[in-house]
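Structural characterization, general
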Amino acid sequence: ARGGQRLSVSVSSDQASLRLLEEARITTGINNFLAVLPANGDYTIEIENTSNSDISITVNIKVN
């Protein structure tokens, strides 16, 4: 991604949590976040299952 772009990530379940591992200006919502990326480079998204069982989710990632 390039610096200044917006990274939007969402998941389809409230039993999953999202986290961007790199520093960025982030606005969080329910099951989603929007980050303004500070620099060019690779970014890592961590998705954690917060339930005690297996879950199926859909992950949407958009960079613009």
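Heads up: these notes are all about the structure in this document. As the structure is a prediction and not an experimental result, all values here were calculated from the model. (Residues numbered from 1 in each chain as written. Predicted model: local features only at pLDDT ≥ 70, side-chain atom pairs only at ≥ 80, totals over all residues. Heavy atoms only, no water.)

**Let's talk about the pattern of salt bridges**
To keep things clear, this is the line we draw: Put simply, a salt bridge is a Lys or Arg side-chain nitrogen that is within 4 Å of an Asp or Glu carboxyl oxygen. Numbering of helices and strands starts at the N terminus; helices are DSSP runs of H or I of at least 4 residues and strands are runs of E of at least 2. Residue exposure (1.4 Å probe, protein chains only): buried if accessible area is under 20% of the type maximum, exposed if over 50%, otherwise partly exposed.
Under the counting rule described, the total for this entry stands at one salt bridge. One salt bridge connects Arg-19 with Glu-46, and the closest N-O pair in it is separated by 3.0 Å. Here Arg-19 is found in strand β2 (residues 16-20), whereas its partner Glu-46 is found in strand β5 (residues 45-49), with 27 residues between them in sequence. The class for Arg-19 is partly exposed, based on a relative accessible area of 46%. Among the residues examined, Glu-46 registers a relative accessible area of 33% and is labelled partly exposed.

**Section: the pairing of strand β4 (residues 32-36)**
As a general feature of sheets, a regular strand has side chains that alternate between the two faces. For clarity, the threshold we go by: Think of it this way: DSSP has to see at least two bridges between two strands before they count as a pair.
Note that strand β1 (residues 6-11) and β4 share five bridges and pair antiparallel. The residue bridging Arg-6 from the neighbouring strand is Val-36, located in β4. What sits between strand β3 (residues 25-29) and β4 in their antiparallel hairpin is a turn of two residues, with Asn-31 showing a positive phi close to 65 degrees.

**Side note on the sheet that holds β1**
This is how it is decided: A fitted line through C-alpha atoms serves as each axis, taken over the contacting stretch for helices, and the angle formed by two N-to-C directions is quoted from 0 to 180°.
Strand order in this open sheet of four strands is β3-β4-β1-β6, and the pairing throughout is antiparallel. Here the strands that pair on one side only, and so sit at the sheet edges, are β3 and β6 (59-63). Mean inter-strand twist for the sheet, computed between neighbouring axes without regard to direction, equals 10 degrees. Relative to β4, β3 is paired through five bridges, and the arrangement is antiparallel. Across the sheet, residue Ile-26 finds its bridge partner in β4, namely Ala-35.

**Some details on unusual backbone geometry**
Residue Asn-31 is not a glycine yet carries a positive backbone phi of 65 degrees. By the element assignment, Asn-31 lies in the loop between β3 and β4.

None of the figures reported here should be taken as evidence of function without further support.
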